[in-house]
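# Commentary on secondary and tertiary structure
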Amino acid sequence: MSARCNCSKFQFEAPKPQMVAVCHCKSCTRSGGSIGSFNAVVTLDDVKFSKGSIAEMSSYNDSDTDSGNTIVRHFCGTCGSALFSIPEKQGEGAIGYLKVAALEDPDAYAPGANAVLFESRAPGFVRKALNWPEGVQVMARGS
Ligand SMILES: [Zn+2]
Ligand SMILES: [Zn+2]
């Protein structure tokens, strides 16, 4: 399935995910500027780039993770779209956390029974966003 960043500097074909993992930790909310990180676990060798490469992305070594393991956050240096988080220490058959929002059809990677949810450090605003209060105002497109 095709995927890209907002400015299309990076474009690639994503393989079928091994599983879907959603993380609401402080680090994922801050780096994405949102309620968390929605990831598809993929084998990096199976990601086929038509534009750019992981090595050409901007990156940040993030050690403030829920697991305690350093992950390298890769993003487009032009538009800022988060694209991959990759565990720093791993060998053959390395895996990466592909950001599901980069997919042209992210609904296809919706979490199923094999999904994993990390919410132990979810900030209060995330908990509220996941449980919208009754009667909240819903904005229509163009309003
Ligand atoms: Zn971009
Ligand atoms: Zn996280």
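The structure reproduced in this document is the subject of the present report. All values reported here derive from a predicted model rather than from experimental measurement.

This part takes up the overall build of the protein chain. The helix and strand inventory of the protein chain stands at two helices and 10 strands. Mapped from its N terminus to its C terminus, the protein chain presents α and β elements in the order β-β-β-α-β-β-β-β-β-β-β-α. On C-alpha atoms alone, the protein chain measures out to a radius of gyration of 16 Å, which is about the 15 Å that the 2.2 N^0.38 rule sets for 143 residues. Buried positions account for 27% of the 143 residues belonging to the protein chain.

Here we take up the sheet that holds strand S10 (residues 116-118). The seven strands are arranged S6-S7-S8-S9-S4-S3-S10 in an open sheet whose pairing can be described as mixed. Since the sheet does not close on itself, it has two edges, and those belong to strand S6 (58-62) and S10, each with one partner. Each strand of the sheet is rotated relative to its neighbour by a mean of 25 degrees, with strand direction disregarded.

Residues Phe10, Ala40, Cys76, Leu83 and Leu98 are the most contacted members of the largest nonpolar core, which totals 23 residues. Listing elements by their share of this core, those giving two or more residues are strand S3 (19-23), strand S4 (37-43), strand S8 (82-87) and strand S9 (95-99). Non-local contacts of leucine 98, meaning those with residues more than four positions away in its chain, are made with Ala14, Asn39, Ala40, Val42 and Phe84.

A few words now on unusual backbone geometry. Residue serine 8 is not a glycine yet carries a positive backbone phi of 70 degrees. Under the C-beta neighbour-count criterion, serine 8 is labelled partly exposed, with 13 such atoms within 10 Å.

The next thing to look at is the sheet that holds strand S1 (residues 2-4). The strand order across the open sheet formed by three strands is S1-S2-S5, and the pairing between neighbours is antiparallel. In this open sheet, the two edge strands, each paired with only one partner strand, are S1 and strand S5 (48-51). The mean angle between the axes of side-by-side strands here comes to 30 degrees, regardless of whether they run parallel or antiparallel. Direction of pairing for S1 relative to strand S2 (residues 11-13): antiparallel, over a ladder of three bridges. Among the inter-strand pairings, serine 2 is bridged to a residue of S2, identified as glutamate 13.

A word on the pairing of S4. The pairing of S3 with S4 spans five bridges and is classified as antiparallel. Bridge pairing links methionine 19 to valine 41 in S4.

By the secondary structure assignment, glycine 32 is in helix H1 (residues 26-32). Residue glycine 32 is classed as partly exposed on the basis of its C-beta count, with 19 C-beta atoms lying within 10 Å. Ignoring any residue separated from it by four or fewer positions in sequence, one finds glycine 32 in contact with Ser37 and Ala82.

Among the structural elements, alanine 113 can be located in the loop between S9 and S10. Distance in space between the C-alpha atoms of alanine 113 and valine 20 is 9.3 Å, their sequence separation being 93 residues.

Each value, and the rule that gives it
All residue numbers refer to position in the chain's written sequence, counted from 1. As they are written, the chains are lettered A onward and the ligands numbered 1 onward, keeping that order. At least 70 in pLDDT is required for a residue's local features to be given in this predicted model, at least 80 for side-chain atom pairs to be given and counted, and no such filter applies to totals for whole chains, interfaces and linings, which use all residues. Every helix listed is a DSSP run of H or I at least four residues long, and every strand listed is a run of E at least two residues long, numbered separately from the N terminus. Only the C-alpha atoms count toward the radius of gyration. The rule for a globule is 2.2 Å times the residue count to the power 0.38. Partly exposed residues are those falling between the two cut-offs: more than 12 but fewer than 20 other C-beta atoms within 10 Å of their own, whereas 20 or more means buried and 12 or fewer means exposed, with C-beta atoms placed from the backbone. Only when DSSP finds a minimum of two bridges between them are two strands counted as paired. Lines are fitted to the C-alpha atoms to define the axes, a helix being fitted only along its stretch in contact, and any angle between axes, read from their N-to-C directions, falls within 0 to 180 degrees. What makes a nonpolar core is a set of buried Ala, Val, Leu, Ile, Met, Phe, Trp, Tyr and Cys residues, with links drawn between C-beta atoms within 7 Å. Any two residues are considered in contact once their C-beta atoms, placed from the backbone, lie within 7 Å.

So far we have only geometry, and geometry alone does not tell us how the molecule works.
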